[in-house]
Amino acid sequence: MKRFSGDISLVLGGAAGQGVQTVEALLVAVLKREGYNVFACKEYMSRIRGGSNSTSIRITDKKQSAFVKRIDFLFAMDRDVIPHLQERITENTILFGEREKVCKVSGECHIVNVPFAQFVRELGNPIYTSTVTVGVALGLLGADEEIFETYLREHFARKGEAVVQKNIEAARKGYAFGKHLAYHEGIEVHLVKDKAVADEILLDGTEALGLGALAAGCNYISSYPMSPGTGLLTFLAQQGKNFDVVVDQAEDEIAAINQGLGAWYAGARAIVTTSGGGFDLMTEGISLSGMIETPIVVHIGQRPGPATGLPTRTEQGDLNLVLHSGHGEFPRAIFAPGTPAEAFFVTQQAFYIADKYQMPVFILTDQHFLDSVTNLPKNILQNVKFKNHIVKTMADYKRYTLTKDGISPRGVPDYGEGLVGVDSDEHDEEAHITENAGTRVAMHEKRLRKIFGACDEALKPSEIGDVKKSKTLIICWGSNFGVVQEALRILAGDDVAGLHFAQVYPLPKNAKKLFAKKKIIVLENNSSGQFANLLKLEYGVKITKNILKYDGAPFSVEEVVQKLKQILLDEAL
Amino acid sequence: MLDKKIYDMPKSTDLAWCPGCGNFPILNIVKVALAELDIPPQNVVICSGIGQAAKAPHYLRVNYFNGLHGRALPPAIAIKVANPRLTVIAESGDGDTYGEGGNHFLHTIRRNPDIVNIVHNNMIYGLTKGQASPTSEKGLKNPIQTEGVIVEPFNPLAVALALGATFVARVFSGDVTQAKEIVKAAIRHKGYALVDILQPCVVFNKQNTYQWFKEKTYYVDENYDQTDKSQALDIAFDLERLALGIIYQSEGRPTYETLTRAGDAPLYKMKPDRKALQNLIEKYK
Ligand SMILES: Cc1ncc(C[n+]2csc(CCOP(=O)(O)OP(=O)(O)O)c2C)c(N)n1
Ligand SMILES: [Mg+2]
């Protein structure tokens, strides 16, 4: 008897174009509907067909939102899956696949035969492979067949009754076979269903950002496709229709950011999305935003660089790029959400800060974050009160009035009697070119002053565990929130706690005291400890240890637990 | 008709142009055209890049977005889409528009926003002191190509026509009376309108002088068919005799702002639709 309980790791692997993502989407949706907590993340190659991709789904009693290396059930849809995932396969992994297809490469592993080809023959079309596969998985897990069928009925309703029936037939075939396998192989799965979960929503990082942008009143996006930033452009193109969002596919990233600035200048609320390589091209526009004090919100989905790097993998290597992008000195703010709920919130916060302080604001995510999907109660989606900071102008309006807090009331053309000019040269209060040294200093200081207000409004880090009592703090930002949370739960000691930063610049002044008299470990997906260095610079804290990873994959829970244990032991912290 | 004085800056304004520069008459052309079309300053936005030409919006009373070198067009598109009620003009030099901003030039024409693109074409980089521009003639001696320009000049009219521009004109800065009529027609035109303005640079371009332009240029005559594209292309390719006037115009192509928007209300008036958002969030169940 093989017993699995409370936390199942089910992985689907196959070549690009084999429907792995369709299976994931369907399986995750049905499991959530049945009341199971799910978390799924994916890794894939930069190609359209072939190669080897996988998606890892966790089904858990407690909500979890991190990647685990362990695989309990592996569905191998083609022969490359097993060698591709070799590192993650142990004697406890149960492999499912078409025996003739995968046996040659399976080595020592025991393969449970699933005759996909035969099912497809019986159903008359390979299109049903996905539904069969979901059926097998659900049968194996002992999920409710009724709910599965109801879901299929709804999901395929638009395609007509024939398609619905065919899918239900495929589902039943798969489900029965999964049940049979569980019995035959002595597999026993224990998972707790939670009615409340069934009512929750499922969001991936991209969707959460997109919904956040709509909540923020975003009505303009101009961008050039680049993975993994493209998803937001696609989301707003598809979902933004009912919200009158203008969608422009720009000729290049330079055009995108300059359009974004033009849109804000005219009173729109614009976002641009890209990845590091595309952002390189945008940096002139960041500097322009700094000078003309026109807001802009930029989403950067990070992937490993330099240059084209690993186009579909994950990294947190662009913090320094974003922090220092654009020539000259000017204020900015950077957010780095760690959960979909945080993404929904900080996207609105990004628009609010950009609008209020008239500065460039960044949302820094990564492939792992954007592609990870999880269930959450919809009431944790927190709204930021909507405010448009535009003013109606009088005839004597001056765009760059010198003020105490550095914020000059922002007018837009056609709203009021005034004229609104902006100028990339150094300028006077009326936005005209100047080379007067005194004016230069006054304007420069005015712009720089805005950071104080933005700093006062900086988001506090989330505390994981008992920060006050702890002797050691593990620090993370962005997508590593989930993995650090889970690792700390596993380590379960009073001595170690964590801090997660969803805003990485400017850092809140009052969070500095949380670091006092503690050993500090900073965990991040890059090779130089970019956030650790920022903490040193901003808070003057000493970093005891860095935990770094830059192979293109996210941290796994096991890896973080093991590394933390080692450090705690070595340092006798 | 408005008094063109409403566009005048205070007398004390220090203009950074050289005495005798072709930019002065161009400034006048734009003011007169706007005044004669009754467009109040509050309704006009001029977008420019960087260069001597690109300083133009500082010298008349309108709204303006004086952005980066080569980037007059992207903000102009966005401003027109964000508020279609505005008259939007992108005004910059030949280097700015055809060189640094070349890619935007190509793709703005494809989009066809209802904006006017005025290019001060002095066939030289003025502000940076006399290097060759994309439209410099072959052989033009300059500080970098000391033996003269060795590459073919960029042909803005032919490129614009090839990309389907719906209004393509060339004027001469020395003839304000004719030029302002053509700029007016460009503003009235629904869609992207290119007005390439031949302009001497008295300091750095000793080859293409007032005299040279006078001798090289002629106006298309009254019988000229502005809707004949192949004839327009022939004219555009003729670099021996430079035609002036509206070389090509066609009506009816939808503009970018009507293609990307359901209505034309300014986006600054919009608020997030939180109710529709709640409905959308429900769909993720
Ligand atoms: C990114 C960038 N590169 C280079 C420059 C320097 N630059 C300023 S204007 C200019 C050329 C201007 O030529 P043109 O657009 O023809 O304007 P003109 O001065 O002739 O009117 C150059 C190269 C700059 N400001 N920004
Ligand atoms: Mg020039």
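Since we're looking at a predicted model, the values are computed, not measured.

K.L.:
So what exactly am I meant to see when it comes to the overall build of chain A here?
P.N.:
Check the secondary structure of chain A and you find 19 helices and 25 strands. Whereas a compact globule of 573 residues would reach a radius of gyration of roughly 25 Å, chain A reaches 26 Å, a difference of no more than 12%. In terms of overall dimensions, chain A has C-alpha extents of about 85 × 60 × 40 Å along its principal axes. Residues counted as buried form 63% of the 573 residues belonging to chain A.

K.L.:
Would you mind going over the overall build of chain B with me for this structure?
P.N.:
Along its length, chain B carries 10 helices and 8 strands. Judged by the C-alpha coordinates and their principal axes, chain B covers about 70 × 50 × 40 Å. Taking all 285 residues of chain B together, the buried fraction comes to 60%. Considering only residue pairs separated by 6 or more positions, chain B has 72% of its internal contacts joining residues 24 or more positions apart. Split by element, the accessible area of chain B, about 11500 Å² in all, is 54% carbon and sulfur.

K.L.:
Whenever I open this one, the coordination of the magnesium ion (ligand 2) confuses me. Can you help?
P.N.:
Ideal geometry at a metal centre: 109.5 degrees between donors when four sit tetrahedrally, and 90 or 180 degrees when six sit octahedrally. All names here are of chain B. Coordination of the magnesium ion (ligand 2) by the protein comes from D94 (OD), N122 (OD1) and I124 (O), over a distance range of 2.1 to 2.2 Å. Motif for the magnesium ion (ligand 2), donor spacing along one chain: D-x27-N-x1-I. Within this pair, whereas D94 is found in helix α3 (residues 94-100), its partner N122 is found in the loop between β4 (116-121) and α5 (156-162), the two being separated by 28 residues in sequence. For D94, a relative accessible area of 2% gives the class buried. With a relative accessible area of 10%, N122 lands in the buried category.

K.L.:
Honestly, the interface of chain B and chain A in this entry has me stumped. Any pointers?
P.N.:
By a frequent convention, interface size equals the accessible area lost on bringing the separate parts together. Contact residues are listed per partner, giving 50 residues for chain B and 66 residues for chain A. For the pair chain B and chain A, the interface holds 6 salt bridges. In this structure, E282 of chain B and K378 of chain A form a salt bridge, with 2.6 Å as the shortest nitrogen-oxygen distance. In this assembly, chain B and chain A are joined by 26 residue pairs in polar contact (both at pLDDT 80 or more). Elements that contribute at least two residues to the side of chain B that touches chain A include exactly β2 (63-66), α2 (73-82), α4 (102-111), α9 (256-260) and α10 (274-282) of chain B. Per-element tally for the side of chain B that touches chain A: the top contributor is α2 of chain B, with 7 residues. Of the residues that constitute the side of chain B that touches chain A, the class distribution is 28 nonpolar, 11 polar and 11 charged.

K.L.:
I keep staring at the site of ligand 1 and nothing clicks. Help me out?
P.N.:
Residue and element names in this part refer to chain B. Among the 16 residues in the neighbourhood of ligand 1, the closest are listed as Q52, D94, D96, G126 and L127. At 2.8 Å, a backbone N or O of Q52 approaches an oxygen atom of ligand 1. Per-element tally for the shell around ligand 1: the top contributor is α3, with 4 residues.

K.L.:
Got a minute to help me understand unusual backbone geometry in this structure?
P.N.:
With the exception of glycine, most residues fall at negative phi, and the peptide bonds are largely trans. Residues and elements named next belong to chain A. The linkage connecting S227 with the following residue, P228, adopts the cis geometry, with an omega of -5°. Relative to the assigned elements, P228 resides in the loop between β10 (220-223) and α10 (230-239). In this structure, P506 follows Y505 across a cis peptide bond, with omega equal to -15°. With respect to the helices and strands, the residue P506 is situated in the loop between β23 (503-505) and β24 (519-524). Phi is positive for D244, close to 55°, though the residue is something other than glycine. Of note, D244 is situated in the loop between α10 and β11 (246-249). Phi at A492 takes a positive value of approximately 40°, unusual for a residue other than glycine. Within the secondary structure, A492 is located in the loop between α17 (481-491) and β22 (496-501).

K.L.:
Even after reading the chapter, I still don't get the pairing of strand β8 (residues 187-190) of chain A, so can you show me in this structure?
P.N.:
Two faces, one strand: in a regular strand the side chains alternate between the faces of the sheet. Residue and element names in this part refer to chain A. Because side chains alternate across β8, one face comprises the buried residues I187 and V189, and the other comprises E188 and H190, none of which is buried. The pairing of strand β1 (residues 2-5) with β8 spans 4 bridges and is classified as parallel. Paired with S5 across the strands is H190, a residue of β8.

K.L.:
Can you walk me through the side chain of N53 of chain A in this structure?
P.N.:
Residue and element names in this part refer to chain A. Considering the arrangement of structural elements, one finds N53 in strand β4 (residues 50-60). Judged by relative accessible area, which is 10%, N53 ranks as buried. Of note is the side chain of N53, whose polar atom sits 2.9 Å from the backbone nitrogen of M45. Leave out the neighbours within four places in its chain, and N53 touches L12, G13, G14, A15, A16, E43, Y44 and M45.

K.L.:
Is there a simple way to think about the packing of aromatic side chains in this case?
P.N.:
Two measures describe an aromatic ring pair: the distance that separates the ring centres and the angle between the ring planes. A full pass over the atoms with the stated rule returns 20 aromatic pairs over all chains. Both rings, one in W477 of chain A and one in F531 of chain A, keep their centres 6.0 Å apart while their planes meet at 45°; by these two values the pair is tilted. You can see W477 of chain A sitting in strand β21 (residues 472-477) and its partner F531 of chain A sitting in helix α18 (residues 530-539), a full 54 residues away along the chain. A relative accessible area of 0% means that W477 of chain A is categorised as buried. F531 of chain A gets classed as buried once you look at its relative accessible area, which sits at 0%. Here a set of aromatic residues connected by ring pairs shows up, and it is made of W477, F501, F515, F531 and Y539 of chain A. Here the guanidinium or amino end of R111 of chain B rests over the ring plane of Y256 of chain B, the centre of that ring lying 5.6 Å away.

K.L.:
Would you take a moment to explain helix α5 (residues 129-141) of chain A for this structure?
P.N.:
Residues spaced three or four apart along an α-helix face the same direction, because each turn holds 3.6 residues. A rise of 1.5 Å per residue sets the reference length of α5 of chain A, with its 13 residues, at 18 Å; its end C-alpha atoms lie 18 Å apart and thus fit the reference within 8%. Of the residues flanking the end of α5 of chain A, it is G142 of chain A, one or two places downstream, whose phi is positive at about 75°.

K.L.:
Would you explain the sheet that holds β22 of chain A in this entry?
P.N.:
Backbone-to-backbone hydrogen bonds join strands into a sheet, with any given pair of strands oriented parallel or antiparallel. Residues and elements named next belong to chain A. A sheet is described by the order of its strands in space; here 5 strands give the open sequence β20-β22-β21-β24-β25, paired in mixed fashion. Each edge of the open sheet carries a strand with a single partner, namely β20 (462-464) and β25 (545-548). Going across the sheet, the axis of each strand differs from the next one's by a mean of 20°, ignoring polarity. Contacts from α18 reach β21, β22, β24 and β25, with the element oriented near 140° to β24.

K.L.:
Would you explain the domain arrangement of chain A in this entry?
P.N.:
Residues and elements named next belong to chain A. In terms of domains, chain A is made up of domain 1 (2-199), domain 2 (202-380), domain 3 (390-457) and domain 4 (462-572). Centre-to-centre, using C-alpha coordinates, domain 2 lies 25 Å away from domain 4. At the junction of the two partners, domain 2 supplies 26 residues and domain 4 supplies 24 residues. Both sides together, the interface formed by domain 2 and domain 4 hides about 1900 Å², and carbon and sulfur atoms give 59% of it. Of all residues in domain 2, Q316, L319 and A336 give up the largest surface area on contact with domain 4, accounting jointly for 32% of the area buried on that side. Counting across the domain 2 and domain 4 interface gives 0 salt bridges. Within the residue set of the side of domain 2 that touches domain 4, elements represented by two or more residues are α13 (319-324), β14 (333-335), α14 (340-357), β15 (360-366) and α15 (367-371). Here the residues of the side of domain 2 that touches domain 4 are counted per class, giving 12 nonpolar, 8 polar and 6 charged.

K.L.:
Help me understand the nonpolar core, please; the structure alone is not making it clear to me.
P.N.:
A general feature of soluble globular proteins is that nonpolar side chains tend to end up buried together. Residue and element names in this part refer to chain A. Judged by nonpolar contacts, the single largest core of 147 residues is most densely connected at V298, I475, F501, F515, F531 and L535. Sort the elements by how many residues they give to this core and α14 lands first, with 11 residues. The residues contacting F501, other than those within four sequence positions of it, are A336, P461, I475, C476, W477, G478, L507, F515, F531, L535 and Y539. One finds L27, V30, L31 and A143 within the second-largest nonpolar core, a separate group that totals 53 residues.

Thresholds, definitions, all that
- Residues numbered from 1 in each chain as written.
- Chains lettered and ligands numbered in written order.
- Predicted model: local features only at pLDDT ≥ 70, side-chain atom pairs only at ≥ 80, totals over all residues.
- Heavy atoms only, no water.
- Helix = DSSP H or I, 4+ residues; strand = E, 2+ residues; numbered from the N terminus.
- Rg over C-alpha atoms; globule rule 2.2 N^0.38 Å.
- Buried < 20%, exposed > 50% of the residue type's maximum accessible area, 1.4 Å probe, protein only.
- Contact = heavy atoms within 4.5 Å.
- Areas by Shrake-Rupley, 256 points an atom, 1.4 Å probe, with all protein chains shown as cover.
- Donors = N, O, S within 2.8 Å, 3.2 Å for Na, K, Ca; no water.
- Salt bridge = Lys/Arg side-chain N within 4 Å of Asp/Glu carboxyl O.
- Polar contact = N/O pair within 3.5 Å; in protein donor to acceptor, adjacent residues only side chain to side chain.
- Nonpolar A, V, L, I, M, F, W, Y, C, P; charged D, E, K, R; others polar.
- Near = heavy atom within 4 Å.
- Pairing = 2+ DSSP bridges.
- Phe/Tyr/Trp six-rings, centres within 6.5 Å; stacked < 30°, edge-to-face > 60°.
- Lys NZ or Arg CZ within 6 Å of the ring centre and 35° of its normal.
- Expected span 1.5 Å × (residues − 1).
- Axes fitted to C-alpha atoms, helices over the stretch in contact; angles between N-to-C directions.
- Domains from an automatic or database assignment.
- Buried area = accessible area lost by both parts, 1.4 Å probe.
- Core = buried A, V, L, I, M, F, W, Y, C linked by side-chain atoms within 4.5 Å.

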